[in-house]
Amino acid sequence: MRDVVTAAFESAFGPTPTYLTHAPGRVNLIGEHTDYNDGFVLPMAIGRGVWVAAHPRTDDQFRVHSVDYSDTISFSRDQLQDSTLPHWTSHVRGVWYLLAQQGMTLPTADIAIAGNVPIGAGLSSSAAIEISMIELGLALANQHMTQAQKALLGVEVEHKFMGMPSGVMDQMTSAASSEGHAILIDCRTLTTRPIHIPDGVSVIVIDTAKRRQLVGSAYVDRRRQCEEAAQIIGVSHLRDATIEQVEAYKNQLEDVRYRRARHIVTENARTLEAADALQKGDAVATGKLMNASHYSMRDDFEISWAEADLITEMARNTPGCFGARMTGGGFGGCCVALVSANAVEGFTEKITPLYQAETHLTPVIYAFQPAAGSRVIFKP
Ligand code: GLA
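Residues numbered from 1 in each chain as written. Predicted model: local features only at pLDDT ≥ 70, side-chain atom pairs only at ≥ 80, totals over all residues. Heavy atoms only, no water.

S.K.: Hey, could you run me through unusual backbone geometry in this one?
M.R.: Across the chain, the bulk of peptide bonds are trans and the bulk of non-glycine residues have phi less than zero. A positive phi angle, near 65 degrees, is found at Asp-38, a position not held by glycine. Examined against the element boundaries, Asp-38 turns out to sit in the loop between strand 1 (19-30) and strand 2 (40-56). Note on Asp-38: relative accessible area 15%, which makes it buried. Not every positive phi belongs to a glycine, and Asn-142 is a case in point at roughly 55 degrees. Here Asn-142 shows up in the loop between helix 3 (125-141) and helix 4 (147-161). Asn-142 sits in the exposed class, given a relative accessible area of 65%. (Helix = DSSP H or I, 4+ residues; strand = E, 2+ residues; numbered from the N terminus. Buried < 20%, exposed > 50% of the residue type's maximum accessible area, 1.4 Å probe, protein only.)

Now the structure itself:
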């Protein structure tokens, strides 16, 4: 991909780029919709992501080329907030606008963007663009930020320029992961703990080939229901509620908010337990928690979809699989399974035809190694 983005830069703009940055996508092992409830998540960065090649300019113009969209757009510094420009330019505009707001002086640039995270699959292609663009902006401004500051800035781009009120998990994972490890993130303090993925255990991502639908509005609804539940229980965030409190407030919460709160409170507990189990090398216990997480998302949080329910059940019934669940925001995209490394080949061979026969969809199955977080690959 490094060569793809460099070649794309050269054919769009002529000279060789002088800056190259990268940020990975992610898959979440457990801890879903807990991030904006100030809770815990256990994702890992994957060996797919976004690469950005650039060269600074001396005028007020940007020229941005997207390999995915086969498009090149020019705009000036005055147009950073111009939402009539194509949506895919929002990440670049947002990062430049917000870095300038923080008082940083940075030049405009010619920029080429290429990625290999499947879009709309729940693997955080958007966060990967934000974080790779932040790495570029900081390199051009010759400034430094902590991983948490980069993540929070990425979230601000998502909220203000993408119109998605997401939590901090995706950006934090993309910025702060380390190779070979998942990352337990406390989304309140943004402290992290690397969790080694045990040898002999593979993280398998299954793309159900069903793309996300209605994800924006359903996400906003879930977030609002969680905030209402926290308010009724009398805590600042559901992170602070216990299961006893959720039960005690069952009538006031009413059915939907009660089940949303129950998911968040139990999911936080499962995430902490899963991190400890994985750290001890206990894939069996981790897998059971992943299964429980899926059922909670299906029944209480109601973000699963039929194909995810089906393929995770097929996965659980396949030898060598410790557990499986849908991953990401929900309503389409990917599932994640923990599988014994020596059973991966048989797993794929068994699942694919079974799923095809029932759905007429072809799943795409990846074995991802936990990857490192974002970085500047080169700069002058
Ligand atoms: C999306 C959001 C994240 C998180 C997940 C659900 O990926 O971007 O912040 O809320 O959904 O866990």
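S.K.: What's the story with the sheet that holds strand 10 (residues 334-340) in this structure? I'm lost.
M.R.: Sheets are built from strands that pair by backbone hydrogen bonding, the pairs being arranged parallel or antiparallel. Spatially, four strands are ordered 9-10-8-11 in an open sheet, and the strand pairing comes out antiparallel. The sheet is open, and its two edges are formed by strand 9 (321-326) and strand 11 (364-368), each paired on a single side. Recorded for the sheet is a direction-independent mean angle of 20 degrees between the axes of neighbouring strands. Against the sheet, helix 9 (residues 283-301) makes contact with strand 8 (201-207), strand 9 and strand 10, and its axis sits at roughly 25 degrees relative to strand 9, the strand it touches most. In the packing of helix 10 (residues 306-316) onto the sheet, contacts are made with strand 8, strand 9 and strand 10, and the angle to strand 9 comes to roughly 175 degrees. (Pairing = 2+ DSSP bridges. Axes fitted to C-alpha atoms, helices over the stretch in contact; angles between N-to-C directions. Contact = heavy atoms within 4.5 Å.)

S.K.: What exactly am I supposed to notice about the packing of aromatic side chains here?
M.R.: Each pair of aromatic rings is reported with the distance of its centres and the angle of its planes. The full count for this structure, using the stated rule, is seven aromatic pairs. Pairing Phe-62 with Phe-75 gives two aromatic rings, centres 5.1 Å apart and planes at 20 degrees, and the pair type is stacked. Residue Phe-62 is found in strand 3 (residues 61-66), and its partner Phe-75 is found in strand 4 (residues 71-76); the two are separated by 13 residues along the sequence. Like Phe-62, the residue Phe-75 is buried in the burial classification. On the basis of an interplanar angle of 10 degrees and a centroid distance of 6.0 Å, the ring pair of Tyr-69 and Trp-88 is categorised as stacked. One end of the pair, Tyr-69, is in the loop between strand 3 and strand 4; the other, Trp-88, is in the loop between strand 4 and helix 2 (90-101), and 19 residues separate them in sequence. Judged by its relative accessible area of 11%, Trp-88 is buried. One aromatic cluster in this structure is built from Phe-62, Phe-75 and Trp-96. Directly above the ring of Phe-301 sits Arg-260, whose terminal nitrogen or CZ lies 6.0 Å from the centroid. (Phe/Tyr/Trp six-rings, centres within 6.5 Å; stacked < 30°, edge-to-face > 60°. Lys NZ or Arg CZ within 6 Å of the ring centre and 35° of its normal.)

S.K.: Sorry, what's going on with the packing of helix 8 (residues 250-279) against helix 9 here?
M.R.: A pair of packed helices can be characterised by two numbers: the angle between their axes and the separation between those axes. Across the interface, helix 8 lies against helix 9 with an axial gap of 9 Å and an inter-helix angle of 170 degrees. The angle between helix 8 and helix 9 places the two elements in the roughly antiparallel class. Crossing hand, helix 8 versus helix 9: left-handed. Where helix 8 abuts helix 9, its residues Arg-259, Arg-260, Arg-262, His-263, Ile-264, Thr-266, Glu-267, Arg-270, Glu-273, Ala-274, Ala-277 and Leu-278 lie against Ala-285, Thr-286, Leu-289, Ala-292, Ser-293, Ser-296, Met-297, Asp-299, Asp-300 and Phe-301. (Parallel < 35°, antiparallel > 145°, perpendicular 65-115°, else oblique. Left-handed = near helix turned anticlockwise from the far one by under 90°.)

S.K.: Help me understand the nonpolar core, please; the structure alone is not making it clear to me.
M.R.: A general tendency of soluble globular proteins is for nonpolar side chains to be buried together. Counting residues in hydrophobic clusters, the biggest one holds 38 residues, and the most contacted among them are Leu-238, Ala-337, Val-339 and Phe-347. Elements supplying a minimum of two residues to this core: strand 8, helix 6 (215-233), helix 8, helix 9, helix 10, strand 9, strand 10 and helix 11 (344-359). Broken down by element, the residue count for this core peaks at six residues, all from helix 6. Every residue in contact with Val-339, bar those within four places of it in the chain, is listed here: Gly-200, Val-201, Ser-202, Ile-204, Gly-320, Cys-321, Phe-322, Val-344 and Phe-347. Counting residues in hydrophobic clusters, the runner-up holds 37 residues, among them Ala-54, Ile-73, Val-92 and Trp-96. (Core = buried A, V, L, I, M, F, W, Y, C linked by side-chain atoms within 4.5 Å.)

S.K.: Which parts of the structure should I look at to understand the pairing of strand 8?
M.R.: If a strand is regular, its side chains alternate between the two faces of the sheet. The buried count for strand 8 comes to seven of seven residues, which makes it a mostly enclosed element. Because side chains alternate across strand 8, one face comprises the buried residues Val-201, Val-203, Val-205 and Asp-207, and the other comprises Ser-202, Ile-204 and Ile-206, equally buried. Note: strand 8 against strand 11, five bridges, orientation antiparallel. In the sheet register, Asp-207 faces strand 11, and the bridge partner there is Val-364.

S.K.: Even after reading the chapter, I still don't get the environment of Arg-211, so can you show me in this structure?
M.R.: Here Arg-211 is to be found in the loop between strand 8 and helix 6. Residue classification places Arg-211 among the partly exposed residues on the basis of a relative accessible area of 33%. Contact partners of Arg-211, with chain neighbours within four places excluded, come to Pro-118, Ile-119, Gly-120, Ala-121, Phe-331, Gly-332 and Gly-333. Side chain to side chain, Arg-211 and Asp-207 meet in a polar contact 2.9 Å long. (Polar contact = N/O pair within 3.5 Å; in protein donor to acceptor, adjacent residues only side chain to side chain.)

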